[in-house]
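The primary structure of each chain is shown beneath.
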Amino acid sequence: VRPRAEHAPAPDFPALLRMWRISRMDFYAAATALVAVLLLGILQGILLAALASVLMLLARASRPHVAFLGRIPGTSQYSDMARHPENEAIPGVIAFRPEASLLYVNAGSVLETVMTSVLNDRSKIRAVICDLSASPYVDLAGARMLRALYGELAARSIALQIVGARGRVRDLLRADGLAEKVGELERAVSLDDAISDARKHA
């Protein structure tokens with residue numbers, strides 16, 4: 001009995017167009033899978049597409065978005081200045097929020113992004129505040145990055161404060177000795193509290 005020939009499924013072009021509009025990363029993954037299956041067959045194509053998806057995820061994770069925060073007018077809330085240019089800048093303070101866990105694959109990129117902002121700011125920066133509320137996990141490389149950031153800022157007489165860290169993240173940073181440098185990582189201290197305090201001591 002001759003084995004049945006493999007037939008690749010017909011591509012769903014409307015679904016691909018929808019992916020292109022909504023998520024370019026999902027589109028590239030699906031397009032890679034489609035081309036790989038057509039050229040290599042179903043099994044090899046799926047394996048190649050899975051590998052390509054993992055590589056794209058790693059590439060995306062290695063350069064996470066870092067939001068630089070401004071005050072929402074008339075409130076004590078803060079959001080990304082790039083998305084909301086109407087937000088009010090904070091004189092003398094840079095507040096940033098990494099929108100990913102801080103890991104060995106992205107720690108260097110986050111440090112570079114923050115220091116570029118500090119060095120390009122022409123105002124007199126007295127404090128940098130790191131909001132970790134969007135970083136559910138920090139590994140040792142992430143903790144070392146924060147230590148390196150502290151050192152870079154201290155050399156320029158700029159204070160570093162960390163707010164919004166979750167319980168396990170606070171435990172790791174305390175065990176690494178960072179709390180001794182930036183102050184106690186109290187969960188009750190909000191971003192607005194830290195900004196107000198920094199401006200009082202500016």
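Residues numbered from 1 in each chain as written. Predicted model: local features only at pLDDT ≥ 70, side-chain atom pairs only at ≥ 80, totals over all residues. Heavy atoms only, no water.

Trainee: Please give an account of helix H6 (residues 167-175) that cites residues and values.
Mentor: Along H6, the positions that sit buried rather than exposed are Val169, Arg170 and Leu173. Axial view of H6: buried residues confined to an arc of 100°, hence all on one face. Residues of H6 that are exposed and angled more than 90 degrees away from the buried face: Arg168 and Ala175. Looking at the buried residues of H6, the elements they touch are helix H5 (140-154), strand E5 (159-163) and helix H7 (179-182). One or two residues past the end of H6 sits Gly177, with phi positive at roughly 85°. (Buried < 20%, exposed > 50% of the residue type's maximum accessible area, 1.4 Å probe, protein only. Helix = DSSP H or I, 4+ residues; strand = E, 2+ residues; numbered from the N terminus. Arc of directions from axis to C-beta. Contact = heavy atoms within 4.5 Å.)

Trainee: Could you give an account of the side chain of Ser109, naming the residues involved and the relevant values?
Mentor: With respect to the helices and strands, the residue Ser109 is situated in helix H4 (residues 107-120). Sequence-distant contacts of Ser109, that is, excluding residues within four places in its chain, are made with Ser62, Arg63 and Pro64.

Trainee: Report on the packing of H4 against H5, specifying residues and quantitative values.
Mentor: It is at 9 Å that the axes of H4 and H5 come closest, and there the two elements cross at 20°. By the criterion of interaxial angle, the relationship of H4 to H5 is roughly parallel. Of the two elements, H4 crosses H5, and the hand of that crossing is right-handed. Residues Ala107, Val110, Leu111, Val114, Met115 and Val118 of H4 form the contact with H5, whose participating residues are Ala141, Gly142, Met145, Ala148, Leu149, Glu152 and Leu153. Among the residues making up the contact of H4 with H5, the classes are represented as eleven nonpolar, one polar and one charged. (Axes fitted to C-alpha atoms, helices over the stretch in contact; angles between N-to-C directions. Parallel < 35°, antiparallel > 145°, perpendicular 65-115°, else oblique. Left-handed = near helix turned anticlockwise from the far one by under 90°. Nonpolar A, V, L, I, M, F, W, Y, C, P; charged D, E, K, R; others polar.)

Trainee: Go over helix H8 (residues 191-200) with me, naming the residues and quoting the values.
Mentor: Because each turn of an α-helix spans 3.6 residues, side chains separated by three or four positions end up pointing in the same direction. Listing the buried residues of H8 in full gives Leu191, Asp192, Ala194, Ile195 and Ala198. Along the long axis of H8, the arc covered by the buried residues comes to 160°, so they all point the same way. The secondary structure elements touched by the buried residues of H8 are strand E1 (66-71), strand E2 (78-80), strand E3 (93-98), strand E4 (127-131) and E5.

Trainee: Would you mind going over unusual backbone geometry in detail, with residue names and values included?
Mentor: Unusually for a residue other than glycine, Ser157 sits at a positive phi of about 60°. Its location among the elements puts Ser157 in the loop between H5 and E5. You can call Ser157 exposed: its relative accessible area is 58%.

Trainee: Requested: an account of the nonpolar core, with residues and values cited.
Mentor: Within the largest apolar cluster, 29 residues are counted, with the highest numbers of intra-cluster contacts made by Val128, Leu132, Leu146, Leu153, Ile162 and Leu173. Among the elements of the structure, E3, H4, E4, H5, E5, H6 and H7 are those that each provide at least two residues to this core. Apart from residues no more than four positions distant in its own chain, Leu173 is found in contact with Leu132, Ala143, Leu146, Ile162, Leu178, Ala179 and Leu185. Residues Ala67, Ile90, Val163 and Leu191 belong to the second largest nonpolar core, which totals 13 residues. (Core = buried A, V, L, I, M, F, W, Y, C linked by side-chain atoms within 4.5 Å.)

Trainee: How would you summarise the pairing of E1 if you had to cite specific residues and measurements?
Mentor: Look at any regular strand and the pattern is simple: side chains alternate between the two faces of the sheet. Within E1, five of the six residues are buried, which leaves it mostly tucked inside the rest of the structure. In terms of strand pairing, E1 meets E3 through three bridges, oriented antiparallel. Within E3, the residue paired with Phe68 across the bridge is Phe96. The pairing of E1 with E2 spans three bridges and is antiparallel. Counted as the bridge partner of Leu69 is Asp80 from E2. (Pairing = 2+ DSSP bridges.)

Trainee: Help me get a handle on the sheet that holds E3, residues and values and all.
Mentor: Reading across from one edge, E2-E1-E3-E4-E5 is the order of the five strands in this open sheet, with mixed pairing throughout. Either end of the sheet is taken by a strand with one partner, and the two such strands are E2 and E5. For this sheet the average axis-to-axis angle between neighbouring strands, irrespective of direction, equals 30°. Sitting on the sheet, H5 touches E3, E4 and E5, and the angle it makes with E5 is about 150°.

Trainee: Describe the environment of Gly70, with residues and values.
Mentor: Summarising the element assignment, Gly70 is placed in strand E1. Those residues in contact with Gly70, other than ones at most four positions away along the chain, are Gln77, Tyr78, Ser79, Met81, Asn87 and Glu88.

The values are spatial; any link to function lies outside them.
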